[in-house]
Amino acid sequence: MALVKAVKEGEFLSATLDLTRPFEAGKWQLDNGVSCELTARGVLTVTPPLLSVDSKDIILSSGVHGDETGPIELLQQLVKKIMQGELLPKHRLLLIIGHPEAINAHTRFIDENMNRLFAGINEESNVDRRQANLLMRAVDDFYQNSPLENAERWHLDLHSAIRESAHYTFAVSPYSEKKTRGLALFNFLHHGEIEAMMLSGSASPTFSWYSAHYYGAQALTMELGRVARLGENDLHRLEAFNQAMLALVSKDSLAAYAGDKEVCVYRVTRTLTKQTTDFSFTFPANQANFTYFAEGTVLGQDNGETYVAAEGGESVVFPNPNVALGQRACLLVQKADIELTDQVRAKV
């Protein structure tokens, strides 16, 4: 029981990454009554001793991209606090370190970008597809087997940006026809001092989208700082987010935000998809996220089509001309005025 023993002692991360240890499932209860179950490598369910009508089903995932390590360290700290009895959760938690092989290899993925593999069960032709299937099954089991009736569902999928950004922290709200952009989610972003939020207008098979689309979860892909090696992250710059995350899991609900930091909201105007090997941008491949281009500026070309910044100008996010054919080469966004009713909505 070496692997389970290490997780019990709070070493969730090192136990997950030590692939020389064969995986073993395990269940145990802490002295404070918290129940824990390790169902797969890097997949840990935590249930508080008492559930109430306010209890949520919350997924916190990290390491879906293996080189985005700051959030992995934050999740490890969270698990250690729970295992040592320093933090008593109020909600059911599914805590995930998503891609151990890629983390060990210090790379984004092994064969294929795993965060484009959550449309449904994949043919298991590589490790990324096998791992995506494992994670989707874990989400299904967590939400479908909840003892909570009509519980509010959350999924924060934690990442780090691979390039400079005008916003050090920002969130992407996946598109869903369900009500997945509630005011409590927006309040959480304020508490975490997240600088910006993007409202997607079309489906994209990311991990957070899976939970939003299939389960109506309050879901976000969260970009927290810059990519760095394990142990080399500046976690002080993420402390506001970390405190908001700890409060999210240990309090019935977060108080209404009373600070003065505003979240800058963008709507996604377009997604540029790489159609051919001729795809190119007119700006450097390492262009900072949220770089603004004035109306009419030529942004790139592909297959004889020229891309030009739209009326009012557009900012570029996640530019990457080296993606596989058929995948997103960038998002183009514009700042949006919002309506706050029961959901966050961009004004038309």
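Each remark here, short or long, concerns the structure printed above.
Here is a short report on the structure shown in this document. (Residues numbered from 1 in each chain as written. Predicted model: local features only at pLDDT ≥ 70, side-chain atom pairs only at ≥ 80, totals over all residues. Heavy atoms only, no water.)

**A closer look at the state of the cysteines**
Line of reasoning, step 1. Inspection of the entire model under this criterion finds zero disulfides.
Line of reasoning, step 2. Of all cysteine sulfurs, the one in Cys264 lies closest to Cys330, which takes part in no disulfide; the gap is 18 Å. (Disulfide = S-S within 2.5 Å.)

**Looking at the side chain of Thr69**
Line of reasoning, step 1. Structurally, the position occupied by Thr69 is in the loop between strand S4 (57-62) and helix H3 (70-83).
Line of reasoning, step 2. Residue classification places Thr69 among the buried residues on the basis of a relative accessible area of 4%.
Line of reasoning, step 3. With sequence-adjacent residues up to four places away left out, Thr69 is seen in contact with Ser160, Ala228, Arg229, Leu230 and Asn233. (Helix = DSSP H or I, 4+ residues; strand = E, 2+ residues; numbered from the N terminus. Buried < 20%, exposed > 50% of the residue type's maximum accessible area, 1.4 Å probe, protein only. Contact = heavy atoms within 4.5 Å.)

**Comments concerning the sheet that holds strand S11 (residues 280-281)**
Line of reasoning, step 1. Taking strand neighbours across the sheet as the criterion, the three strands line up as S11-S13-S14 in an open arrangement whose pairing is antiparallel. Of all strands in the sheet, those with a lone pairing partner are S11 and strand S14 (305-308), marking the two edges.
Line of reasoning, step 2. Judged from the four bridges that link them, strand S13 (residues 298-302) and S14 form a sheet pairing that is antiparallel. What sits directly across from Gln301, in S14, is Thr306. (Pairing = 2+ DSSP bridges.)

**Remarks on the packing of aromatic side chains**
Line of reasoning, step 1. The full count for this structure, using the stated rule, is 15 aromatic pairs.
Line of reasoning, step 2. On the numbers, 5.1 Å between centres and 45° between planes, the contact of Tyr143 with Tyr215 is tilted. Of the two residues, Tyr143 is situated in helix H5 (residues 127-144) and Tyr215 in helix H7 (residues 207-215); the sequence distance between them amounts to 72 residues.
Line of reasoning, step 3. With relative accessibility at 2%, the residue Tyr143 sits in the buried group.
Line of reasoning, step 4. Tyr215 sits in the buried class, given a relative accessible area of 13%.
Line of reasoning, step 5. A centroid spacing of 5.8 Å and a plane angle of 40° characterise the contact between Phe170 and Phe318, whose relative ring orientation is tilted. One end of the pair, Phe170, is in strand S7 (residues 169-173); the other, Phe318, is in the loop between strand S15 (314-317) and strand S16 (328-335), and 148 residues separate them in sequence. (Phe/Tyr/Trp six-rings, centres within 6.5 Å; stacked < 30°, edge-to-face > 60°.)

**A word on the side chain of His167**
Line of reasoning, step 1. Along the chain, His167 falls in the loop between strand S6 (153-161) and S7.
Line of reasoning, step 2. Here Tyr266 takes part through its side chain, which lies 2.8 Å from a polar atom of the side chain of His167.
Line of reasoning, step 3. With residues near it in sequence (within four places) discarded, His167 still touches Glu195, Ala196, Cys264, Tyr266 and Phe290. (Polar contact = N/O pair within 3.5 Å; in protein donor to acceptor, adjacent residues only side chain to side chain.)

**Notes on the pattern of salt bridges**
Line of reasoning, step 1. With the rule as written, the count across this model stands at twelve salt bridges.
Line of reasoning, step 2. We note a salt bridge from Glu9 to Lys5, for which the minimum N-O separation is 2.6 Å.
Line of reasoning, step 3. Between Lys179 and Asp342 there is a salt bridge; the shortest N-O distance is 3.1 Å. Taken together, the positions of Lys179 in the loop between S7 and helix H6 (183-191) and Asp342 in the loop between strand S17 (338-340) and strand S18 (344-346) put the pair 163 residues apart, joining distant regions of the chain.
Line of reasoning, step 4. Accessibility expressed as a relative area gives 55% for Lys179, which makes it exposed.
Line of reasoning, step 5. Sharing partners across several salt bridges, the network here consists of Lys179, Asp342 and Arg345. (Salt bridge = Lys/Arg side-chain N within 4 Å of Asp/Glu carboxyl O.)

**Some thoughts on the environment of Lys178**
Line of reasoning, step 1. Mapped onto the elements of the fold, Lys178 is located in the loop between S7 and H6.
Line of reasoning, step 2. Along the primary structure Lys178 and Arg137 are separated by 41 residues, whereas in three dimensions their C-alpha atoms are 21 Å apart.
Line of reasoning, step 3. The contact partners of Lys178, leaving out residues within four places of it in the chain, are Ala212, His213, Tyr215 and Gly216.

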